[in-house]
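Below are the chains, spelled out letter by letter.
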Amino acid sequence: MKVLVASSGSEYFAVQAICPHQEVPLCEGMYDGKVLTCHQHLWQWDIRTGAAMGIAEAPLERYDVTVDGDALYVHAQGALNVGELFNGIAPATLEALAKLARREEFAAGAELYKPGDAADDFFVLESGRIEFKIGRGERSDPAGFMLNRGEVFGWAALLESQPHRIAGACALEDSVVLRVNGKEAVRLLEADAASGLVVMRRLAALVARFLAAAGAK
Amino acid sequence: MRIQLNARNRAFQFPAAPGEKILYAGLRAQVGLPYECATGTCGTCKARLVEGRVDDAWPEAPGRKFLKPDRGEFLMCQCTPQGDVSLEVASFVYPADPGAFRVAPIGGTVSAVRALTHDVCAVEVALDAPCEFDAGQFMAVGAPGVTGMRGYSMVNCDQPATRLEFVVKKKPGGGFSEWLFSGNAVGARLDMVGPLGKATFHPGMGKNLLCIAGGSGIAGMMSILGRAAADNYFDRHKVHVFFGVRTMRDAFFLEELSRHARAEVTIALSDEDVPATAAAEWPNLRFQRGFVHEVAKRAMAGRYEDVRAYLAGPPPAVEAAIRVLLLEAKLTADCIRYDKFS
């Protein structure tokens, strides 16, 4: 794993070292103490949070940093915290969500769910590749979604009135996912309404982006 | 042939004609595929082959240095499908409004080659059929016996255009430019694909204009200035142009730039002091010694309000200008337009 460590003068920050757009090393980019810019296509991020800014279409994975004397420690992150949905919510709520999550491995070709299955759980991709298909059997078409580590799928489980899967998901390569029960997650988010609002706003943006039609963006 | 494209957000299907590059086929189908140079150098249009076979028209394309071939990566601007193919691109891809991309193959004949300096010439191409394009766009141009296509920005801005004018710099060992300078180019057929490019200008955008160009990068700026002048844009908005060349001997289009009397045009000379005669000879132009991004930085300090910047030229010059605009001027990335050619 490659990590970029940046200093604002008084503080250190650590983020993924490779641009999520075209795999360009971000150490060749531009940094003014607050904003990191990839020099290739000018994607930008808040160095403090890893949040996408400007024309960037994906956030950066960020890591906590602690300084102990001359040593700098970069803390590894779970997939739940790197994705755009939960990044930066209250630590206690994130920890409770992590406790709900079950880590599951799927061999290449294994099916996670198919259309019509109960949509009880949502998933966070930890590693590997998942393919989505719309429609059934012979008449199914690849939905074409591609997910990065930390991204959420099966998010119907977080919505009301969406009891069944409308697409199928299967592992294209050996993959590891976190499975979280939607109802229990919503209950946690209700108990921490500030974090809940953040997550629901991001979920709304996510849904809008995947539904985006002509001219939208 | 049918192309199945899986992007980060959704899938697309579009057809490709025999021999057609996947990038051009997708744009023709109004699929907003990622690209910048569209001619094999920048690597932006890379994709991963999932199923099927593609034929690479230019295996030595410089943009292949951005690829991992063992993962099935290829450049969509160079590859034609051999039967149905399925591929993946890592970015979000959106459908464009119908007619937004006017990419099509266009033929033409070189009607004139005119020297602008000792190593830069203007090339005029008479088109087989009229063509419409936005100011700031370019064509992918292929010439007889030259592998791969090259991107050249249009200088003219008349719509629809029956001829196109390009600026070409002579590069030692550059197959295309050497062929043009050889004297045999007039009357030759050119195969083009376009118009391409997203660094476009529309008078309706209503912003102050900042154009920073090095060398032959001034070509697209001439088109933008022409379009702006036709719309009386200078009545409503400030227009700043910075044109960087090495010495006065390398400068061109000064007559044409002078005609835009209400634009503030500065010629930046990187390799010599400003000759004493320059100001008298070109009263409508300003002259400064320095690299074009440095000259622009000095002149523009505190004047970036409501600016849309257009950049073009040699990659190091564009990169240096981007740094000035992002880090010093604090412009946001959406206010900076350029098409990368490396």
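Residues numbered from 1 in each chain as written. Chains lettered and ligands numbered in written order. Predicted model: local features only at pLDDT ≥ 70, side-chain atom pairs only at ≥ 80, totals over all residues. Heavy atoms only, no water.

Student: So what exactly am I meant to see when it comes to the overall build of chain B here?
Tutor: Of the regular secondary structure elements, chain B holds eight helices and 17 strands. Taking 342 residues into account, the globule formula puts the C-alpha radius of gyration at 20 Å, and chain B, at 20 Å, falls close to it. Oriented by its inertia axes, the alpha-carbon framework of chain B measures out at about 65 × 45 × 35 Å. A total of 342 residues make up chain B; the buried ones form 57% of that total. For chain B, contacts bridging at least 24 residues in sequence account for 69% of all contacts bridging at least 6. On chain B, roughly 13,800 Å² of surface is accessible, and the fraction owed to carbon and sulfur atoms is 51%. Taking the 39 positively charged and 37 negatively charged side chains of chain B as two groups, their mean positions are separated by 4 Å. (Helix = DSSP H or I, 4+ residues; strand = E, 2+ residues; numbered from the N terminus. Rg over C-alpha atoms; globule rule 2.2 N^0.38 Å. Buried < 20%, exposed > 50% of the residue type's maximum accessible area, 1.4 Å probe, protein only. Contact = heavy atoms within 4.5 Å. Areas by Shrake-Rupley, 256 points an atom, 1.4 Å probe, with all protein chains shown as cover. Lys, Arg positive; Asp, Glu negative; His and termini not counted. Charge placed at Lys NZ, Arg CZ, Asp CG, Glu CD.)

Student: What am I meant to see in the packing of helix α2 (residues 91-100) of chain A against helix α3 (residues 182-191) of chain A here?
Tutor: For any two helices packed against each other, the geometry is given by the interaxial angle and the distance between the axes. Residues and elements named next belong to chain A. Closest axis-to-axis distance for the α2/α3 pair is 10 Å, and the angle between their directions is 165°. Our classification of the angle between α2 and α3 gives roughly antiparallel. Note on packing geometry: the crossing formed by α2 with α3 is right-handed. For the pair formed by α2 and α3, the contact residues are Thr 93, Ala 96, Leu 97 and Leu 100 on the first element and Glu 184, Ala 185, Leu 188 and Leu 189 on the second. When the residues that make up the contact of α2 with α3 are grouped by side-chain class, the tally is six nonpolar, one polar and one charged. (Axes fitted to C-alpha atoms, helices over the stretch in contact; angles between N-to-C directions. Parallel < 35°, antiparallel > 145°, perpendicular 65-115°, else oblique. Left-handed = near helix turned anticlockwise from the far one by under 90°. Nonpolar A, V, L, I, M, F, W, Y, C, P; charged D, E, K, R; others polar.)

Student: Could you clarify how one ought to interpret the interface of chain B and chain A in this entry?
Tutor: When the parts of a complex come together, some accessible area is lost, and that lost area is often used as the size of the interface. Across the boundary between the two partners, chain B contributes 35 residues, which contact 34 residues of chain A. Both faces considered, chain B and chain A share a buried interface measuring about 3,000 Å² in area, 51% of it formed by carbon and sulfur atoms. Considering only the surface of chain B that becomes buried against chain A, B:Arg8, B:Phe92 and B:Tyr94 emerge as the three largest contributors, covering 23% of it. At the junction of chain B with chain A, the criterion picks out three salt bridges. For B:Lys330, the salt bridge is made with A:Asp32, and the minimal N-O distance between the two is 2.9 Å. (Buried area = accessible area lost by both parts, 1.4 Å probe. Salt bridge = Lys/Arg side-chain N within 4 Å of Asp/Glu carboxyl O.)

Student: Even after reading the chapter, I still don't get α2(A), so can you show me in this structure?
Tutor: Residues lying three or four places apart along an α-helix face the same way, a consequence of the helix completing one turn every 3.6 residues. Residue and element names in this part refer to chain A. Listing the buried residues of α2 in full gives Thr 93, Leu 94, Leu 97 and Leu 100. Buried positions in α2, seen along its axis, are confined to an arc of 110° and lie on one side of it. In α2, the exposed positions angled more than 90 degrees off the buried face are occupied by Pro 91, Ala 92, Glu 95 and Lys 99. (Arc of directions from axis to C-beta.)

Student: Mind showing me how you'd approach the sheet that holds strand β9 (residues 150-153) of chain B here?
Tutor: Strand pairs in the sheet, formed through backbone hydrogen bonds, run parallel or antiparallel to each other. Residue and element names in this part refer to chain B. Spatially, the six strands line up as an open sheet ordered β9-β8-β11-β6-β7-β10, and their pairing is antiparallel. On the outer flanks of this sheet lie β9 and β10 (161-169), each paired with one strand and no other. This sheet shows a mean twist of 40° between the axes of neighbouring strands, independent of strand direction. Bridge count for strand β6 (residues 104-115) against strand β11 (residues 189-196) is six bridges, and the pairing is antiparallel. When the sheet's bridge partners are listed, Gly 108 is paired in β11 with Leu 190. (Pairing = 2+ DSSP bridges.)

Student: Help me understand the pattern of salt bridges in this model?
Tutor: Pairs can form between side chains of opposite charge once their charged atoms are near each other. On inspection of all chains with the given rule, the structure shows 31 salt bridges over all chains. As a salt-bridge pair, B:Glu132 and B:Arg102 come within 3.7 Å of each other at their nearest N and O atoms. In this pair, B:Glu132 sits in the loop between β7 (120-131) and β8 (138-142) while B:Arg102 sits in the loop between β5 (79-88) and β6, placing the two residues 30 residues apart along the sequence. Across the salt bridge formed by B:Asp231 and B:Arg236, the nearest N and O atoms sit 3.1 Å from each other. Because the salt bridges share partners, they merge into one network encompassing A:Arg129, A:Glu173, B:Arg48 and B:Glu88.

Student: Help me understand the pairing of β6(B) in this model?
Tutor: Residues in a regular strand project their side chains so that they alternate between the two faces of the sheet. Residue and element names in this part refer to chain B. Bridge analysis of β6 against β7 gives seven bridges, and the strand direction is antiparallel. Counterpart to Val 113 in the pairing with β7 is Val 123. Hairpin connection of β6 to β7: four residues between the antiparallel strands.

Student: Mind showing me how you'd approach the side chain of B:Lys46 here?
Tutor: Among the structural elements, B:Lys46 can be located in strand β3 (residues 46-56). Look at B:Lys46 and you get buried, because its relative accessible area is 12%. Residues within four places of B:Lys46 in sequence aside, it is in contact with A:Gln22, A:Glu23, B:Phe66, B:Leu67, B:Glu73, B:Phe74, B:Leu75, B:Met76 and B:Val89.

Student: Please clarify how the sheet that holds strand β12 (residues 121-127) of chain A should be interpreted in this entry.
Tutor: Residues and elements named next belong to chain A. Spatially, the four strands line up as an open sheet ordered β10-β17-β12-β15, and their pairing is antiparallel. Only two strands of the sheet have a single neighbouring strand rather than two, namely β10 (102-106) and β15 (152-153). Pairing analysis gives two bridges linking β12 to β15, with the strands arranged antiparallel. Following the sheet pairing, Val 124 is matched in β15 by Val 152. Strand contacts of α3: β12 and β17 (175-181), with the helix running at about 65° to β17, the strand carrying the most contacts.

Student: Sorry if this is basic, but what is going on with helix α7 (residues 292-300) of chain B here?
Tutor: All names here are of chain B. Those residues of α7 lying buried are Val 292, His 293, Val 295, Ala 296 and Met 300. Looking down the long axis of α7, one finds its buried residues gathered within 160° of arc, a one-sided arrangement. Positive phi appears at Gly 302, one or two residues downstream of α7, with a value of about 80°.

Student: Where do I start with the packing of aromatic side chains in this structure?
Tutor: The description of two aromatic rings rests on the distance between their centres and on the angle between their planes. Counting across every chain of the model gives nine aromatic pairs over all chains. Ring geometry for B:Tyr152 against B:Phe166: centres 6.2 Å apart, planes inclined by 50°, an arrangement best described as tilted. Pair noted here: B:Tyr152 is in strand β9 and B:Phe166 is in strand β10, with a separation of 14 residues, a long-range link. Each member of the pair, B:Tyr152 as well as B:Phe166, carries the same accessibility label: buried. One aromatic cluster in this structure is built from A:Tyr113, A:Phe123, A:Phe132 and A:Phe153. Its guanidinium or amino end placed over the ring of B:Phe12, B:Arg10 lies 3.9 Å from that ring's centre, counting from NZ or CZ. (Phe/Tyr/Trp six-rings, centres within 6.5 Å; stacked < 30°, edge-to-face > 60°. Lys NZ or Arg CZ within 6 Å of the ring centre and 35° of its normal.)

Take it as geometry only, folks, not as evidence of what the structure does.
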